[in-house]
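Report on the structure
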Amino acid sequence: MRPRFLDGTLWLDGRPRFLITGEYPYYRDRPGRWAPKLRALREAGIEVVTSYVPWRHHEIARGGGRRWCFDGDGNRDLAGFLELVAATGLLAVLKPGPYVHAELPFGGLPDRLSPTLAPERPAARSADGRPLPCDRFTLPSALDPGFLADATDWLRAVGLFLRPFAHPHGPLVAAQIGNEGHYGETALPIDALDYSRPGTEGFAGFAPGVAAPTRAEDRLSAEGLRSLVSWGRWSAESLTAGMARLAEALGADLPVFTSYSPPARADRVPGRAAGRYDAWLARNRVGAAPALPRAYTSWTGPVLREEEALVNYVLAAKGGPGPNIEENWGLGWADPGCAFPVVPIHHTLLGVACGATGISVYPACATEGWGPHLAVDGSRLAGPAGDPAQFSPPYGDAAPIRLDAGPGPAFAALRVLTHFLAGRQEPLALSRPEPGVCWGVHPPYAAVGAWDGTADGERPVPPAARTLVPFVAHCLRRNLPFRLAELSGRVGPGPGSGPLVTVSGRFMERALQRRLARFAEQGGSLLLVGEPPALDEDLRPCAELAAAVRRHGGARVRTAAPGGRSLGAAVEDWLHASDAPVRAGPGPWLELRRTAADPEEVLVFLFNRTDSPLRARTACGEHQVTADLVGGGCAVVQVSHGRLAACYVKGLDERSGAGLPVRVRVGGDLLASDRPCDLSALRGPGGFEVRTAAGPDRTRVVLPEAA
């Protein structure tokens, strides 16, 4: 049976699969190390090996021409690597780009594709005419027919090679196309690309008679707003169409997914920070049903320390159902904290709690031994192209599996985590985050808010940085569940969709005004952040929603001013007054839940974001759930009909050397250890199966009775 993605979950052989993946960049390692490291991956509990397939690595110049090499000697022998994957009992997901980044020169593209070396190729450009750089090269426009022809040839060759390795005859179960867009643009400012000639010609065909916006555009006129909204739609739809075109070129008989990134950190877009959340919402169609299945990456910074990193991480994980395809477990230059297992495990389980349908250990293996064409100075432009610490061997200095295939410092902790995840495959694959309050994302507002440079008093809509971000921060402080959904004139809330919060500005589509007005009239709870609209999308008078707010305003239907903690207070007052059935349990810990069709089956996730130990307490139905959490630690407790069905506890904080004995209680069930450890416990027909990081010979565990 062919694998497929259904609502973000991979189905394999007719059953849902929670992906437990580990990145092994075969092209960075000597082939003699492949087999022992693959065996070590399986011993660590990894079930699926992921890897990029760099174009520049497999393209070989030969006799004035070029060919692709996927077998033979050396670490270009992808066929041999996949045969070893299958022989080890592992599955595989490959990521052939075309652009892969992966700390490779020119993002893994061949140098010959750059307009820097081939000036006849159109460069990807921003609104002010600047080319989009990668290291010391310029990236080609992804819409250029010449680049598309080259990329199609590459992907077609990869797809033909991969077909014999596709499941069920081989280990390959899926492929990722692109990498956070064509060139990582899913986190770039809205005007960063593509103002190349192919780009502006494509936009002219998409929105005839509408000028592409620039930073000097008058955004307060009907023409200016139409330009911004059209460019936002074009940015999203050209990305979607581009990924579909690449997937078609790959042509392998496999499910193909894309990946997207979290919102950019403020320090990554200096001087452009105000519009970064709106750009992310607009370009990624956050909360909408994707045309292709998608995964996400999770590089947001120190989640344990910074609220911005936490908010961005949660937004990425809640942006749409799919697996986490890159979690930093081994690159110390990106985050020194990843060297301590408590940090990547905290991050990983946070993603799972928010809805991830799989996890990634990136990279799972330390590597060294790649050729000069993959080295920092391996391009035709001499000199280093970035920080040598990112490129010097070993790649994956803190990876769970060392260069010699021996266990690294995170290996034992990873084995305990994967024991729990593998033992709860179907509950994790089929459950979804607790729904709670719905935040309605309106793409035209995101398209307008993505452009910086307009004073707040002149903005036609309040930006996401002053609306969505404080809302998410408040929900996380108060343990208030929420979700994201797209709103438009065609897609709107129904009577059973629960409490709805959405931004409201000077204008709003007439069709959406009617949908929201009908929602209020049917008894829905609605909170508008900003002023009720007085105009439609053409800036003609339209106050249908404003009239509905006046008619139904009070407990269920309200407005709130954007910005800061005052928005959180308005949300609390509105929920209380409207008597909305939304769980909230503020405490010094973060609590998130996943629920299934059976309301008596709940996964409770608890995170300690402080450096001090604490006991987290919460109610699950009629039963109390408690768990002791070390500083920075976390726990997952599966409650089934009032009993403890399974749990995972990160009881060791390797940063400080501190630890806590495990203590988890569900009603009358108590599970405890006699000393600090990481622990996974799975209830089966004969009782609990337990794995600890400290080893069963040194840790005594007291288990609940199996009755």
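The coordinates are above.
Reading the values: rules and limits
- Residues numbered from 1 in each chain as written.
- Predicted model: local features only at pLDDT ≥ 70, side-chain atom pairs only at ≥ 80, totals over all residues.
- Heavy atoms only, no water.
- Core = buried A, V, L, I, M, F, W, Y, C linked by side-chain atoms within 4.5 Å.
- Buried < 20%, exposed > 50% of the residue type's maximum accessible area, 1.4 Å probe, protein only.
- Helix = DSSP H or I, 4+ residues; strand = E, 2+ residues; numbered from the N terminus.
- Contact = heavy atoms within 4.5 Å.
- Pairing = 2+ DSSP bridges.
- Right-handed = clockwise from strand over helix to strand, strands pointing away.
- Phe/Tyr/Trp six-rings, centres within 6.5 Å; stacked < 30°, edge-to-face > 60°.
- Lys NZ or Arg CZ within 6 Å of the ring centre and 35° of its normal.
- Axes fitted to C-alpha atoms, helices over the stretch in contact; angles between N-to-C directions.
- 1 Å grid on protein atoms, 1.4 Å probe; cavity = no way out; pocket = protein on both sides within 12 Å on 5 of 7 lines; lining within 4 Å.
- Points joined across faces, edges and corners; volume = space filled by probe spheres on them.
- Nonpolar A, V, L, I, M, F, W, Y, C, P; charged D, E, K, R; others polar.
- Parallel < 35°, antiparallel > 145°, perpendicular 65-115°, else oblique.
- Expected span 1.5 Å × (residues − 1).

Counting residues in hydrophobic clusters, the biggest one holds 175 residues, and the most contacted among them are L41, L350 and F471. No other element matches the eleven residues that helix α6 (residues 222-250) contributes to this core. Aside from chain neighbours lying at most four places away, what touches F471 is V437, W439, F482, V501, L567 and V571. Within the second largest apolar cluster, 25 residues are counted, among which are L614, L679, A681 and A694.

Most of strand β5 (residues 48-52) is tucked away, with five of its five residues classed as buried. Taking every second residue as pointing to the same face, both faces of β5 are buried, with V48, T50 and Y52 on one and V49 and S51 on the other. With three bridges connecting them, strand β4 (residues 19-23) and β5 associate as parallel partners. When the sheet's bridge partners are listed, G22 is paired in β5 with V49. Traced from β4 through helix α1 (residues 34-43) to β5, the parallel crossover comes out right-handed. In terms of strand pairing, β5 meets strand β8 (residues 91-95) through five bridges, oriented parallel. Its bridge partner being in β8, S51 is matched across the sheet by L94.

The residue P613 is located in the loop between β23 (601-608) and β24 (614-620) in this model. With 558 residues separating them along the chain, P613 and W55 place their C-alpha atoms 48 Å apart. Beyond its immediate stretch of four places on either side in the chain, P613 contacts N608, L629, V630, G631 and L660.

This model, assessed by the stated rule, comprises 24 aromatic pairs. On the numbers, 5.7 Å between centres and 5° between planes, the contact of W55 with W154 is stacked. One end of the pair, W55, is in helix α2 (residues 55-58); the other, W154, is in helix α4 (residues 145-162), and 99 residues separate them in sequence. There is no split in this pair, since W55 and W154 are both buried. Taken together, the ring pairs in this structure connect W55, W68, F70, W154, F161 and F165 into an aromatic cluster. The ring of Y52 has K95 lying over it, and the distance from NZ or CZ to the ring centre is 4.0 Å. Just above the ring of Y260 sits the side chain of R294; from NZ or CZ to the centre is 4.6 Å.

Okay, the environment of H169 next. Locating H169 in the fold gives a position in the loop between α4 and β11 (172-176). C-alpha of H169 to C-alpha of A86: the two residues are 83 residues apart in sequence and 9.7 Å apart in space.

Before going further, it helps to spend a moment on the sheet that holds strand β18 (residues 482-486). Pairing is parallel in the open sheet, where five strands are placed in the order β18-β17-β19-β20-β21. Each edge of the sheet is formed by a strand with only one pairing partner; in this case those strands are β18 and β21 (557-560). Taken over all neighbouring pairs, the strand axes of this sheet differ in orientation by 25° on average, direction set aside. Pairing between strand β19 (residues 500-503) and strand β20 (residues 526-529): four bridges, direction parallel. The residue of β20 that forms the bridge with V501 is L527. Here helix α13 (residues 468-478) sits on the sheet and contacts β17 (437-441), β18 and β19; the angle it forms with β18, its principal contact strand, is near 150°.

Moving on, we come to empty space enclosed by the protein. One pass over the structure, following the stated rule, counts seven cavities of 30 Å³ or more. Put simply, the largest cavity is a space of about 160 Å³. Considering the residues around the largest cavity, the lining is formed by 13 residues, among which H182, E185, L193, D194 and S238 are closest to the centre. The element contributing the most residues to the lining of the largest cavity is α6, with five residues. Within the lining of the largest cavity, the residues separate by chemical class into seven nonpolar, three polar and three charged. Estimates place the volume of the second largest cavity at around 110 Å³. Along the walls of the second largest cavity sit 15 residues, with D278, L281, H442, Y445 and V503 positioned nearest its centre. The element best represented in the lining of the second largest cavity is β17, accounting for three residues. A class-by-class count of the residues in the lining of the second largest cavity yields ten nonpolar, four polar and one charged.

Across the sheet, which stays open at both edges, the seven strands sit in the order β16-β22-β23-β26-β27-β32-β33 with antiparallel pairing between neighbours. Whereas interior strands pair on both sides, the edge strands pair on one side only; in this sheet they are β16 (432-433) and β33 (687-692). Where strand β26 (residues 634-640) meets strand β27 (residues 643-649), six bridges bridge the pair, whose relative direction is antiparallel. Each residue of the ladder has a partner; that of Q638, found in β27, is A646. Contacts between helix α10 (residues 411-423) and the sheet are confined to β26, β27, β32 (679-684) and β33, with β32 contributing the most and set at about 25° to the helix.

As a packed pair, helix α7 (residues 276-284) and helix α8 (residues 307-318) sit with axes 13 Å apart at the nearest point and diverge in direction by 10°. What the angle tells us is that α7 and α8 run roughly parallel. Together, R276, Y277 and W280 of α7 and E308, N312, L315 and A316 of α8 make up the contact between the two elements. The residue makeup of the contact of α7 with α8, split by class, is four nonpolar, one polar and two charged.

Here α6 contains 29 residues, and its C-alpha end-to-end distance of 42 Å stays within 8% of the 42 Å for a straight helix at 1.5 Å per residue. With its phi angle positive at about 65°, G251 sits one or two positions after the end of α6.

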